[in-house]
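Survey of secondary and tertiary structure
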Amino acid sequence: VPNIWIKKRDGTIVKNEMGPLVDVDKMPLLDFGLFEDARFYRPMQGRVWRMLPVETHRGCPYTCAFCNSPSQNTLYKGEINQKFFRKRAFRKVHEELRHYIASYKAEAFYFWADTFFAYTEKEFDEFCEMYSDIRLPFWCQTRAETITEERVRKLQNVGLMRMAFGVEHGNPEFRRRVVRRHL
C-alpha cells in the first residue's frame, strides 16, 4: 500500500514507496447526506447560515516555520517530483457550488484553503467572474500581505462577508526570523 510505513515486531521499519498525489480536479463531489441537518448551520455576522465547505486549494505555497505545508512541498518534490500545493479548476469549484445549492440548499460557503488569495491576478479575476454567477455570502482565510483594497472590493461585489487572517506574532523581528512570516 503506497505511503504506509510499518514497524515490525523486531523494530525494523518497512517504508513503502510514495504514491502519486490526488488530482484535486478528479475527486468526486462530496456527499453530505450522512450528516444530520443541524451540522450545516453556523452562526456568522449576527445570523445562522446553512453553510458548506468548498476546497479551492490543497496545501500552501508559503514557507512558514510552524506549518506542515513547506515540508509536504519538499517531500513530494523530492520523492515523486510532484507539487503538493495544488489549485482546483474553477469549473470544478463552480460545479461543486451548484451541486451544494441544489442538493443541500446552501445559503453560504466557506472556502477551505490555507491561503485563499494564493492566486495570480488573472486567476483571482477568473474566480470573481466564476463566483459572480453564485453570489452567495462566503468567508475565506488568507495571509495579511496578500490583501489589497482592490481584491477585497472585488470579492465584496460577488459575496464576501468575512475574511480571517493571522499575523502569528506581534514582534516583527521574531515573526521574520523565527516564524518566517514576512509581512
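First, a word on what this report is: a plain description of the structure on this page. (Residues numbered from 1 in each chain as written. Predicted model: local features only at pLDDT ≥ 70, side-chain atom pairs only at ≥ 80, totals over all residues. Heavy atoms only, no water.)

**Describing the overall build of the chain**
A tally of helices and strands in the chain yields 5 helices and 9 strands. Counting from the amino terminus, helix and strand elements in the chain follow one another as β-β-β-β-β-α-β-α-β-α-β-α-β-α. In terms of principal-axis extent, the alpha carbons of the chain reach across some 60 × 45 × 30 Å. Across the 183 residues of the chain, 37% fall into the buried class. Considering only intrachain contacts with a sequence separation of at least 6, the fraction spanning at least 24 residues in the chain is 68%. With the model as given, the accessible surface of the chain reaches about 11200 Å², and the carbon-plus-sulfur share is 53%. Between the mean site of the 31 positive side-chain charges and the mean site of the 24 negative ones, the chain shows a separation of 4 Å. (Helix = DSSP H or I, 4+ residues; strand = E, 2+ residues; numbered from the N terminus. Buried < 20%, exposed > 50% of the residue type's maximum accessible area, 1.4 Å probe, protein only. Contact = heavy atoms within 4.5 Å. Areas by Shrake-Rupley, 256 points an atom, 1.4 Å probe, with all protein chains shown as cover. Lys, Arg positive; Asp, Glu negative; His and termini not counted. Charge placed at Lys NZ, Arg CZ, Asp CG, Glu CD.)

**Re the nonpolar core**
Counting 27 residues, the largest nonpolar core has Leu-97, Phe-109, Phe-111, Phe-127, Tyr-131, Phe-138 and Leu-155 as the members making the most contacts within it. Listing elements by their share of this core, those giving two or more residues are strand E4 (47–55), helix H2 (90–104), strand E7 (108–112), helix H3 (121–131), strand E8 (138–143) and helix H4 (149–158). (Core = buried A, V, L, I, M, F, W, Y, C linked by side-chain atoms within 4.5 Å.)

**Focus on H4**
What H4 keeps buried is the set Arg-151, Leu-155 and Val-158. One face of H4 carries all of its buried residues, which in axial projection span an arc of 60°. Facing away from the buried side of H4, by more than 90 degrees, are the exposed residues Glu-149, Gln-156 and Asn-157. On the buried face of H4, the contacting elements are H3, E8 and strand E9 (160–166). (Arc of directions from axis to C-beta.)

**A few points about the environment of Glu-79**
The residue Glu-79 is located in helix H1 (residues 69–80) in this model. Separated by 62 residues in sequence, Glu-79 and Glu-17 place their C-alpha atoms 8.6 Å apart.

**Focus on the side chain of His-57**
Within the element layout of this structure, His-57 appears in strand E5 (residues 57–58). Only 2.8 Å separates the side chain of His-57 from the side chain of Thr-56, close enough to count as a polar contact. Beyond its immediate stretch of four places on either side in the chain, His-57 contacts Phe-85, Arg-86, Lys-87, Trp-112, Ala-113, Thr-115, Phe-116, Ala-118 and Tyr-119. (Polar contact = N/O pair within 3.5 Å; in protein donor to acceptor, adjacent residues only side chain to side chain.)

Keep in mind these values describe shape, not function.
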